[in-house]
Amino acid sequence: MDLEYQRQELLAEDLCNHCLGRQFAQLGSGLENYERGYLLRNINDLSQESFKRDNLAGNLSVGGECYLCQGLFNELNKYTKLMIDRLEEYQFNTILVGTRPPESVKKKEKELWEDYGKQYAEPLKTEFNRLLAKRIMRRLNVDSDLERPDIQAVVDIPSDEVELYLSSVLVYGQYNKYVRDISQTIWNYSENSVQQVLQTPFLNEFDAVETKFHGAGREDLNVRCFAKREFILELMEPKRRTVDLEKLTTVVNQSQDQVEIFNLKFVTPDKKEVIKNRKADKTYKAIVHIDDDLSANDVLELEKLKGLVEQETPSRVLKNRGDRLRKREIYQVLAEVITSHKIELIIKTEAGAYIKELISGDNGRTQPSVAELLDCQAECERLDVISIDN
Ligand SMILES: [Zn+2]
């Protein structure tokens, strides 16, 4: 459609400056739609050069009313205040502002576009969002972020409700676990876990709703860890984002003596995958019970554990995980007889080896094993992770 013809048609529609200008939002740059609307009424030449600030009158301001917008742009201050009030108790640096215009406005806009086309137009919602966001960002001194804002705030115009969507905060750290019978993540509340120990002080500081725990490798309930295992604690729907992590470390470490944390820092969400996929060699210390009398020579046999070990999925986890065969490298085995029925093993392995099965043999599902090499029953009594090579 010819631009001049379109202008004449739309002038006859009796739109306010916002709504008129918005139908020609592609013309000129650095102008707001109400300024464009003014120019469309007051200039003859519709070339791009006409749409510049020099041609504007001095006293133009936001606002106006017509059948299309129903006076929405007169209410910008009201909605700015509504949003700011709603955001008051939240701490954030970036925001994305959204608007849900009334159905009646959307319907009229659609009808207008059906009649005159929308080749140069911008939706009302986009204009309103922009003007509203500008005011909020200026007042609160925050930036916009389209990708991952700290807060997304959406105002529903007919109901005047403001919905907030809060991005999580992710804190990286490392932990040691000095006691047994404490699992890594919460899965029932009668049992203690690393996540549970950390979560209370974290939830308090960040004023968050809940946490998600992402650990670098799983760790059994009864395994201690002295190797600074990496983790990310994700705080969901936090009201605060600026927290002194050094102070938080002290609070966690002084509140109990089961878990100690180190090296906290804020990280981006992509680090969750990095941590989960980290393949780190590990060194374990195992106390093994043997049901036979041991001789010093017996333990020399255990040297043969070195090299590739083949492990089918342990029978203790079979109901949760698929049955498959893994081959893992055992780099080092040091064995020391403690009593006639006990040995201490120091085992260095590739990531992902199952140590308890390396000892018991799991009815032949792991080969070789301590039990197989000593030709007796062998059981891991205690297990500690003593180093993780990241
Ligand atoms: Zn209007």
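Note that this is a predicted model, so its numbers are computed, not measured. (Residues numbered from 1 in each chain as written. Predicted model: local features only at pLDDT ≥ 70, side-chain atom pairs only at ≥ 80, totals over all residues. Heavy atoms only, no water.)

Our next topic: the overall build of the chain. For the chain, the helix and strand inventory stands at 12 helices and 14 strands. Against the compact-globule benchmark of 21 Å for 390 residues, the chain has a radius of gyration of 33 Å, which places it well outside the compact range. Taken across its 390 residues, the chain has 49% of its residues classed as buried. At a minimum sequence separation of 6, the contacts of the chain that also span at least 24 residues come to 71%. When the accessible surface of the chain is split by element, carbon and sulfur atoms take 44% of a total near 19,900 Å². Where the 55 positive side-chain charges of the chain centre and where its 68 negative ones centre are 1 Å apart. (Helix = DSSP H or I, 4+ residues; strand = E, 2+ residues; numbered from the N terminus. Rg over C-alpha atoms; globule rule 2.2 N^0.38 Å. Buried < 20%, exposed > 50% of the residue type's maximum accessible area, 1.4 Å probe, protein only. Contact = heavy atoms within 4.5 Å. Areas by Shrake-Rupley, 256 points an atom, 1.4 Å probe, with all protein chains shown as cover. Lys, Arg positive; Asp, Glu negative; His and termini not counted. Charge placed at Lys NZ, Arg CZ, Asp CG, Glu CD.)

Attention now moves to the coordination of the zinc ion. Each donor-metal-donor angle would ideally measure 109.5 degrees in four-coordinate tetrahedral geometry, or 90 or 180 degrees in six-coordinate octahedral geometry. Protein coordination of the zinc ion is provided by Cys16 (SG), Cys19 (SG), Cys66 (SG) and Cys69 (SG), with donor distances spanning 2.2 to 2.3 Å. The sequence motif formed by the donor residues of the zinc ion is C-x2-C-x46-C-x2-C. Judged by relative accessible area, which is 0%, cysteine 19 ranks as buried. (Donors = N, O, S within 2.8 Å, 3.2 Å for Na, K, Ca; no water.)

With that settled, the discussion passes to the side chain of aspartate 384. Of note, aspartate 384 is situated in strand E14 (residues 378–389). Assessed through its relative accessible area of 3%, aspartate 384 is described here as buried. Only 2.8 Å separates the side chain of aspartate 384 from the side chain of arginine 224, close enough to count as a polar contact. When sequence neighbours within four positions are dropped, the list of residues in contact with aspartate 384 reads Arg180, Val223, Arg224, Phe226, Thr283, Tyr284 and Lys285. (Polar contact = N/O pair within 3.5 Å; in protein donor to acceptor, adjacent residues only side chain to side chain.)

Moving on to the UniProt feature "domain: Pus10 THUMP" (unreviewed entry) in the chain. Under the present numbering, the feature "domain: Pus10 THUMP" (unreviewed entry) in UniProt falls on residues 81–156. As annotated, residues 81–156 has a helix share of 50% and a strand share of 20%, and its two end C-alpha atoms lie 14 Å apart. (UniProt positions renumbered as here; feature names shortened; annotations may be inferred.)

Let us look at the pairing of strand E5 (residues 169–177). On a regular strand, each side chain points to the face opposite its neighbour's, so the side chains alternate between the two faces of the sheet. Most of E5 is tucked away: nine of the nine residues are buried. Of the two faces of E5, the one holding Val169, Val171, Gly173, Tyr175 and Lys177 and the one holding Leu170, Tyr172, Gln174 and Asn176 are both buried throughout. The sheet contact formed by E5 and strand E7 (residues 223–236) spans eight bridges and is antiparallel. Its bridge partner lying in E7, valine 169 is registered against leucine 235. Of the pairings in the sheet, the one linking E5 to strand E8 (residues 259–267) comprises seven bridges and is antiparallel in character. Paired with glutamine 174 across the two strands is phenylalanine 262, which belongs to E8. (Pairing = 2+ DSSP bridges.)

As a rule of thumb, non-glycine residues mostly have phi less than zero, and peptide bonds are mostly trans rather than cis. The step from glutamine 367 to proline 368 runs through a cis peptide bond, and the omega angle for that step is -5°. Its location among the elements puts proline 368 in the loop between strand E13 (366–367) and helix H12 (370–374). Phi angles above zero are rare outside glycine, and glutamine 70 is one such case at about 55°. Take glutamine 70: it is sitting in the loop between helix H3 (33–42) and helix H4 (76–87). A residue is classified by how much of its surface remains accessible, and glutamine 70, at 36% relative accessible area, is partly exposed. The phi dihedral of asparagine 263 falls on the positive side, at around 55°, and the residue is not glycine. Position of asparagine 263 relative to the elements: it lies in strand E8.

For the rest of this paragraph, the subject is the sheet that holds strand E4 (residues 161–166). Within the open sheet, the four strands sit side by side as E2-E1-E3-E4. Their pairing is mixed. Two strands bound the open sheet, and with one partner strand each, they are strand E2 (143–144) and E4. Note that strand E1 (residues 94–100) and E2 share two bridges and pair parallel. Directly across from isoleucine 95, in E2, lies its bridge partner serine 144.

Looking now at the pairing of E14. Bridge count between E7 and E14: three bridges; the pairing is parallel. Pairing of arginine 224 across the sheet is with aspartate 384, part of E14.

The sites that carry the UniProt feature "domain: Pus10-like C-terminal" (unreviewed entry) are, in the present numbering, residues 171–389. The span residues 171–389 is 21% helical and 41% strand by assignment, and the distance between its end C-alpha atoms comes to 21 Å.

Right, let's get into the pattern of salt bridges. Under the criterion given, the structure shown has 36 salt bridges. Measuring nitrogen to oxygen at the nearest pair gives 2.8 Å for the salt bridge that ties lysine 81 to aspartate 85. Of this pair, lysine 81 and aspartate 85 both sit in helix H4, four residues apart, roughly one helical turn. The exposure class assigned to aspartate 85 is partly exposed, which follows from its relative accessible area of 43%. For aspartate 150, the salt bridge identified is with arginine 241, shortest N-O distance 3.6 Å. Of this pair, aspartate 150 sits in the loop between E2 and strand E3 (151–156) while arginine 241 is found in the loop between E7 and helix H8 (245–255), placing the two residues 91 residues apart along the sequence. It is possible to trace a salt-bridge network through shared partners that takes in Glu32, Glu122, Arg130 and Lys134. (Salt bridge = Lys/Arg side-chain N within 4 Å of Asp/Glu carboxyl O.)

One pair of aromatic rings is described through two measures. These are the centre distance and the angle between the planes. Evaluation of the coordinates by the stated rule reveals nine aromatic pairs. Here phenylalanine 73 and phenylalanine 128 contribute two aromatic rings whose centre-to-centre distance is 5.8 Å and whose plane-to-plane angle is 65°, an arrangement assigned as edge-to-face. Of this pair, phenylalanine 73 sits in the loop between H3 and H4 while phenylalanine 128 sits in helix H6 (residues 124–140), placing them 55 residues apart in sequence. Phenylalanine 128 matches phenylalanine 73 in its accessibility class, with the two residues each being buried. Measuring from ring centre to ring centre gives 6.0 Å for tyrosine 175 and phenylalanine 231, while their planes differ by 50°; the resulting arrangement is tilted. With tyrosine 175 in strand E5 and phenylalanine 231 in strand E7, this residue pair connects regions lying 56 residues apart in the sequence. In terms of burial, tyrosine 175 and phenylalanine 231 fall into one category: buried. Three or more aromatic residues link up through ring pairs in this structure, and these residues are Phe73, Tyr79 and Phe128. Directly above the aromatic system of phenylalanine 262 lies the positively charged group of lysine 228, at a separation of 4.4 Å from the ring centroid. The ring centre of tyrosine 172 lies 5.0 Å from the NZ or CZ of lysine 265, which sits over that ring. (Phe/Tyr/Trp six-rings, centres within 6.5 Å; stacked < 30°, edge-to-face > 60°. Lys NZ or Arg CZ within 6 Å of the ring centre and 35° of its normal.)

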